[in-house]
Amino acid sequence: MDFAIPSLAILSTMTPPAALLAQAEGAVGSGLVLTIACAITAIALVFLMRPGPTGLRIAATVGGLAGFAILVVEVLKRAGGEEASLGTVFPLVFGFTALAGAVRMVTHPRPVFAALYFILVVIATAAMFLVLGAEFMAFALIIVYAGAILITYMFVLMLAQQSPVESEGAAWYDRVPREAGSAVLIGFVVLATLSEAYFSKSAQSFRADAAERTAVDGMANAWQRLDGMPKLLLETSQKAVAIDWAKTRAKDDKSPAPKVAEVVRDARGKAIRMMDDEASVEVRLADGSARSVLLPPELVPDNSRQIGVDLVSKYPAGLEIAGVVLLMALFGAVVLARKQIELGEDERRELAGMRRLTVDGESGGSGGLR
Amino acid sequence: MNGIAHTLLANSDAQAVNLALLMSALLFACGLVGFLSRRNMIIMFLCTELMFQAAALAMIAFGKVHHDVSGQVFVIFILTVAAAEAALALGLIVLLYRRRETLDSEAWSELKEA
């Protein structure tokens, strides 16, 4: 089933239900709107999961899109502020793509297509990461998920796919879901709980407070990560000096910016000095003079550098454990994939040139010693 | 509050965070529904990956709210666990498939061989 045609239809009729709900909001309370929208989406999903006539499936798609539209309008309204700007178009598009891919993945009868739709979800989620300013994780997600994990899934699908005996193609257990109604009910409960927890008035104001409280700290943290990267600190202060030089020199002065010899650190080894949300650094120039230079905001360490510094400075234990987990998974995969050789303890000792543990006549051999 | 800190609090950011959280809730619900109702073992594990994605998206969104990259560091750990889980689960699925010649999880509903 294609999403394109019904989506156009629903986008043109999107406003009336939203306006209607906005009117009803005073009567029923705004918390209920989210729950009702979740319920509409859930009911639509039940009909999409079961095999049925095409008309019913199109109606379910339209219903699901309507529920989704109400959810989006309500959630955007709760973020507050002015009308939806251009900044919300991209997350909206990527979010819709991710959701369409996810629904299609859950409902598609052919496993290979489900895996392909999951790649679509991964790419849309990565784009969402980009919107949220997590560039490194966005590309890591595409490389690790779409590039490695999904390819493994594809190989296993090819290894374990049954030859199509029936003419319909997909096996019956792929076409008929198990207990679709109760599964969607559980999903609806989770969705309603999450949306209430995420978008209630208190959660909304808590997030606004947290964003306001941590904005300056976050900037200071980003700058102070430079303290741990001496080479980058030197390069950054050289750039800052050059920018400063370009601003202050006379117009016809073509001489190069002064060279930074070293960055002065205070008694505690800190080089970055924070004043409100502006960072400055004290440098000693090549000619021996010392000066303080303001670091412009565009020189802040980029996303991947910040993650790298945090990973090794704040979460070294987590990094080690992640390494152990990967090593264990490697061993586990090797053990699972290896051809099983049924050798007892005694046979293995004999192969290694050691004496048997059990005397002859005793019940030795395979599995004799555990 | 001025300069860059003010631009970090732009209204479109709050809306993007809200949309990302809504998406993460919807993706998680989709993954849960798929895990509970699909019979194909490979699709069931694919749905757990979908739930991992939803969790990662929520982490990044909350990291954005708190102006902290810790959320992104946690996503690295999620990726690690997801990769390890995929390697082990797919090996197990291949073994199970060799025993029963079917991917139907109902074939193993009694949790024993034969």
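Residues numbered from 1 in each chain as written. Chains lettered and ligands numbered in written order. Predicted model: local features only at pLDDT ≥ 70, side-chain atom pairs only at ≥ 80, totals over all residues.

This part takes up the overall build of chain B. When its secondary structure is counted, chain B shows four helices and zero strands. Starting at the N terminus and ending at the C terminus, chain B contains elements arranged as α-α-α-α. By the burial criterion, 57% of the 114 residues in chain B qualify as buried. For chain B, the proportion of contacts with a sequence separation of at least 24, taken over those separated by at least 6, is 48%. (Helix = DSSP H or I, 4+ residues; strand = E, 2+ residues; numbered from the N terminus. Buried ≥ 20, exposed ≤ 12 C-beta atoms within 10 Å, placed from the backbone. Contact = placed C-beta atoms within 7 Å.)

Before going further, it helps to examine the overall build of chain A. Within chain A, the regular secondary structure consists of 14 helices and four strands. Looking at chain A as a whole, 30% of its 370 residues are labelled buried. Contacts spanning at least 24 positions in sequence make up 59% of the contacts within chain A whose residues lie at least 6 apart.

For the rest of this paragraph, the subject is the confidence of the model for chain A. Residue and element names in this part refer to chain A. Across chain A, the average pLDDT comes to 80, with 83% of residues at 70 or higher. Taking the mean pLDDT of every element in chain A, the minimum, 46, falls on helix H1 (residues 4-12) and the maximum, 93, on helix H6 (residues 111-131). Note that residues 1-14 has pLDDT below 50 and, in this model, 15 contacts with residues that lie over four places away or in other chains. Low pLDDT, under 50, characterises residues 364-370; the stretch is placed with 15 contacts to residues that sit more than four places away or in other chains. (pLDDT = per-residue confidence, 0-100.)

Moving on, we come to the packing of H6 of chain A against helix H3 (residues 41-65) of chain B. Closest axis-to-axis distance for the H6 of chain A/H3 of chain B pair is 11 Å, and the angle between their directions is 5°. With respect to H3 of chain B, the axis of H6 of chain A lies roughly parallel. Contacts from Pro111, Ala114, Ala115, Phe118, Val121, Val122, Thr125, Met128 and Phe129 of chain A of H6 of chain A reach H3 of chain B at Ile42, Ile43, Leu46, Glu49, Leu50, Gln53, Leu57 and Ile60 of chain B. Residues belonging to the contact of H6 of chain A with H3 of chain B are distributed by class as follows: 14 nonpolar, two polar and one charged. (Axes fitted to C-alpha atoms, helices over the stretch in contact; angles between N-to-C directions. Parallel < 35°, antiparallel > 145°, perpendicular 65-115°, else oblique. Nonpolar A, V, L, I, M, F, W, Y, C, P; charged D, E, K, R; others polar.)

Once that is clear, we can look at the interface of chain B and chain A. Each side of the interface is counted separately: chain B has 71 residues, and chain A has 92 residues. Every element with two or more residues in the side of chain B that touches chain A is listed here: helix H1 (3-8), helix H2 (11-37), H3 and helix H4 (70-100) of chain B.

Residue and element names in this part refer to chain A. Across six bridges, strand S3 (residues 278-285) lies against strand S4 (residues 290-295) in antiparallel orientation. From the neighbouring strand, Ala279 faces S4, where its bridge partner is Leu295. Count of turn residues in the S3/S4 antiparallel hairpin: four residues, of which Gly288 carries a positive phi of about 95°. (Pairing = 2+ DSSP bridges.)

A word on the environment of Ala208 of chain A. In this fold, Ala208 of chain A is placed in helix H10 (residues 201-224). Between the C-alpha atoms of Ala208 of chain A and Ala79 of chain A, which are 129 residues apart in sequence, the distance is 9.0 Å.

Core analysis: the biggest nonpolar cluster contains 111 residues, and Met128 of chain A together with Leu27 and Leu46 of chain B have the highest contact counts within it. Here this core gets 17 residues from one element, more than from any other, and that element is H3 of chain B. In contact with Leu46 of chain B, not counting residues within four places along its chain, are Met105, Ala114, Ala115, Phe118 and Tyr153 of chain A. Judged by nonpolar contacts, the second largest core, of 16 residues, contains Ala222, Trp223, Val260 and Val263 of chain A. (Core = buried A, V, L, I, M, F, W, Y, C linked by C-beta atoms within 7 Å.)

Attention now goes to helix H12 (residues 303-313) of chain A. Among the residues of H12 of chain A, Gln306, Ile307 and Val309 of chain A are the ones counted as buried. The buried residues of H12 of chain A occupy an angular sector of 165° when the element is viewed end-on, so they sit on one face. Lining the buried residues of H12 of chain A we find helix H7 (135-160) and H10 of chain A together with H4 of chain B. (Arc of directions from axis to C-beta.)

The subject of this paragraph is the pairing of S3 of chain A. All names here are of chain A. Pairing between strand S1 (residues 260-263) and S3: three bridges, direction antiparallel. By the bridge assignment for S3, Val263 is matched with Val283. Where strand S2 (residues 272-275) and S3 come together, four bridges link them in antiparallel fashion. Considered in S3, the bridge of Ile272 is made with Val281. Where S2 folds back onto S3 in an antiparallel hairpin, the turn is made up of two residues, including Asp276, whose phi is positive at roughly 55°.

Residues and elements named next belong to chain B. When the pLDDT values of chain B are averaged, the result is 85; 88% of them are 70 or greater. Across chain B, the secondary-structure element scoring lowest on mean pLDDT is H1, at 40, and the one scoring highest is H3, at 93. Model confidence for the complex is summarised by a pTM of 0.80, with the ipTM given as 0.89.

Residues and elements named next belong to chain A. Compared with the 34 Å implied by 1.5 Å per residue over 24 residues, the 34 Å span of H10 between its first and last C-alpha is a close match. Along its length, H10 shows its largest kink, about 45°, at Thr214. Regarding H10, the residues found buried are Arg207, Ala215, Gly218, Met219, Ala222 and Trp223. (Expected span 1.5 Å × (residues − 1). Bend = angle between axes of the 7 residues up to and from the residue.)

Once that is clear, we can look at the packing of H3 of chain B against H4 of chain B. Residue and element names in this part refer to chain B. Look at H3 against H4: their axes get within 9 Å of each other, and the N-to-C directions meet at 175°. Between H3 and H4, the crossing angle belongs to the class labelled roughly antiparallel. Of the residues in H4, those in contact with Met41, Ile42, Phe45, Glu49, Phe52, Ala55, Ala56, Met59, Ile60, Phe62 and Gly63 of H3 are Ser70, Gly71, Gln72, Phe74, Val75, Ile78, Ala82, Ala89, Ile93 and Leu96. Tallied by class, residues from the contact of H3 with H4 come to 16 nonpolar, four polar and one charged.

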